[in-house]
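Breakdown of the fold
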Amino acid sequence: MFFHRRRSNRARDSHLVKFKIQDVKKMPKVTCIGLGNMGRELAGRVIQCGEYDVVLWDKYLPAAEACSKANNDTLYTETVGEALKNADIVLTCVINTDGTQEICESAVKELKEKGLYDEFAAREKLWLDTTSGSGDPESLRPVLECMRDSNFKYVDCAVSGGPHGARAGVLTAMVGGEEAHVNEVMHVLERFASNINHLGPNGAGHAVKAVNNMLLALNLIASSEALVGLAKAGIHPEKALKAIGTSSGRSFVMEKRYPTNIFTRNFDYGFTLKNMVKDCGNSARIIESGQSHAPLLAFAKEQAEAALKELGPDVCHTEIVKIAENKSGMPNVLSHASLEGKDSGN
């Protein structure tokens, strides 16, 4: 059995299923794929608006089961072909565009084996890809070829704002694709993004997101070094941050990440260090391909890669501040606990 709906009362659920079949005939069919920290929040927003007939899939079946349970027992499937075969819109949130390509190719293979591919490929469909990509047209070409062969209109849509922003529907979306295709999928985008920027052709959204996260890394590295340096000079980091926060040296990172994720030592933003380092690499390739002068961006990439080796891939990206703390001999100085009741000293 490929389709699943969690059941606690057979008679009740039988009625619900019949009602849903009648009720959703005019609803666009949306398949949500990739149900990790970010993807499950995007899926939740699409499901909860009540305007789509949603199917879930993740290669890790328990992730699909958990997302289904959290969202009114939404249907999920065991195979990617079953998830895609009736979709009008596919929404993906996976690690990179290689993953997107693998999903498309796996679905095509499965549907061909089942004799369903010709009917599937005959229909025009939309693919909204919130995955981070390199922004490099050459690396995106195999993805676009797979999409065209299967009659998908592809829109890349890198997002920023983390799982909390997704849950609240206030993400920034960096979009690449044909204007007509972007307009067609806008109603889905608006479910989870409040700041939507169409930046150019396919790959443009991925490119801007990669550079954004390179700047994120640079901000965290520079600000942590500065605040630890001030702490060693006897200046309270939180007091310094408050002053900088209304001055010309302020940044979004200092305003948002430090009070919530760093000074609390929660490090729980939901975006891993390995993903930030991946985006730094993608950004570096974009910058290098144009032979731009960018020594600071190259430095940020090197420092982020060094932090990855020291801290590990799966920690929150905000933990990169520990590098400045540890190498300065002041571990945990950027925390409420270490600062309460005293000034930071030498």
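Structure report, in brief. Only a predicted model underlies this, so the values are computations on that prediction, with no experimental measurement involved.

What follows concerns the side chain of glutamine 101. Within the fold, glutamine 101 resides in helix 5 (residues 97–113). Aside from chain neighbours lying at most four places away, what touches glutamine 101 is Pro142 and Val143.

Right, let's get into the pairing of strand 7 (residues 152–160). On any regular strand, side chains alternate: one points to one face of the sheet, the next to the other face. In terms of burial, strand 7 is a largely internal element, eight of the nine residues being buried. With five bridges connecting them, strand 6 (residues 125–129) and strand 7 associate as parallel partners. Residue pairing in the sheet places aspartate 129 in a bridge with aspartate 156 of strand 7. Note: strand 7 against strand 8 (residues 171–176), five bridges, orientation antiparallel. Residue pairing across strands places serine 160 opposite threonine 172, the latter belonging to strand 8.

Attention now goes to empty space enclosed by the protein. In this structure the tally under the stated criterion is one cavity of 30 Å³ or more. Considered as a void within the structure, the largest cavity measures approximately 30 Å³ in volume. Around the largest cavity, the lining residues are Cys32, Ile33, Gly34, Leu35, Gly39, Leu42, Ala43, Leu91, Thr92 and Cys93. Contributions of two or more residues to the lining of the largest cavity are made by strand 2 (29–33), helix 2 (39–48) and strand 5 (89–92). Of all the elements, helix 2 adds the most residues to the lining of the largest cavity, at three residues.

Moving on to the nonpolar core. In this structure, Leu220, Tyr258, Met276, Ile320 and Leu334 are the most contacted members of the largest nonpolar core, which totals 38 residues. Going through the elements one at a time, helix 10 (204–232), helix 11 (237–244), helix 12 (252–262), helix 13 (273–289), helix 14 (295–311) and helix 15 (321–327) are the ones with two or more residues in this core. For this core, the element with the highest residue contribution is helix 10, accounting for nine residues. In contact with methionine 276, other than residues within four places in its own chain, are Asn213, Leu216, Ala217, Leu220, Phe271, His317 and Ile320. By size, the runner-up hydrophobic cluster in this structure holds 33 residues, among which are Cys157, Leu171, Val182 and Val185.

This part covers the pattern of salt bridges. Two side chains that carry opposite charge are able to pair once their charged atoms sit near each other. This structure, assessed with the given rule, holds 14 salt bridges. With a closest N to O distance of 3.2 Å, glutamate 82 and lysine 85 form a salt bridge. Exposure remark for glutamate 82: the relative accessible area of 8% places this residue in the buried category. A salt bridge links lysine 114 to glutamate 110; the shortest N-O distance between them is 2.7 Å. A relative accessible area of 35% means that lysine 114 is categorised as partly exposed.

With that settled, consider unusual backbone geometry. Not every positive phi belongs to a glycine, and asparagine 72 is a case in point at roughly 60°. Classification of asparagine 72 as exposed rests on a relative accessible area of 69%. A positive phi angle, close to 60°, is found at arginine 265, a residue other than glycine.

Moving on, we get to helix 11. Along helix 11, the residues that are buried comprise Pro237, Ala240 and Leu241. All buried residues of helix 11 lie within an arc of 100° about the axis, which places them on one face of the element. Pointing more than 90 degrees away from the buried face of helix 11 are the exposed residues Lys239 and Lys242.

So, on to the state of the cysteines. Enumeration according to the criterion identifies one disulfide in this entry. The disulfide partner of cysteine 104 is cysteine 146, and the gap between their sulfur atoms is 2.4 Å. The sign of the S-S torsion, about -100°, decides the handedness of the disulfide formed by cysteine 104 and cysteine 146: left-handed. Of this pair, cysteine 104 sits in helix 5 while cysteine 146 sits in helix 7 (residues 137–149), placing them 42 residues apart in sequence. As far as the burial class goes, cysteine 104 and cysteine 146 line up, both buried.

The rules we used
Counting restarts for each chain: residues are numbered from 1 in the order of the written sequence. Only residues with pLDDT of at least 70 are given local features in this predicted model, and only at 80 or more are side-chain atom pairs given and counted; all residues enter the totals for whole chains, interfaces and linings. The side-chain quantities take in all heavy atoms of the structure and omit both hydrogens and water. Numbering of helices and strands starts at the N terminus; helices are DSSP runs of H or I of at least 4 residues and strands are runs of E of at least 2. Contacts were defined at the residue level, with two residues in contact if any of their heavy atoms lie within 4.5 Å. The buried label goes to any residue with under 20% of its type's maximum accessible area, the exposed label to any with over 50%, and the partly exposed label to all in between, with areas taken from a 1.4 Å probe on protein chains only. Pairing between two strands requires that DSSP report at least two bridges joining them. Points on a 1 Å grid over protein atoms alone make up a cavity when a 1.4 Å probe fits among them but cannot get out, and a pocket when they form an open set with protein on both sides within 12 Å along at least five of seven lines; lining residues each have an atom within 4 Å of a point. Grid points are joined across faces, edges and corners, and a volume is the space filled by probe spheres set on the points. Among the buried residues, those of types Ala, Val, Leu, Ile, Met, Phe, Trp, Tyr and Cys that are joined through side-chain atoms within 4.5 Å form a nonpolar core. We define a salt bridge as a side-chain nitrogen of Lys or Arg found within 4 Å of a carboxyl oxygen belonging to Asp or Glu. What the arc describes is the spread of directions from the helix axis to the C-beta atoms. Disulfide assignment relies on a single distance test, namely cysteine sulfur atoms paired within 2.5 Å.

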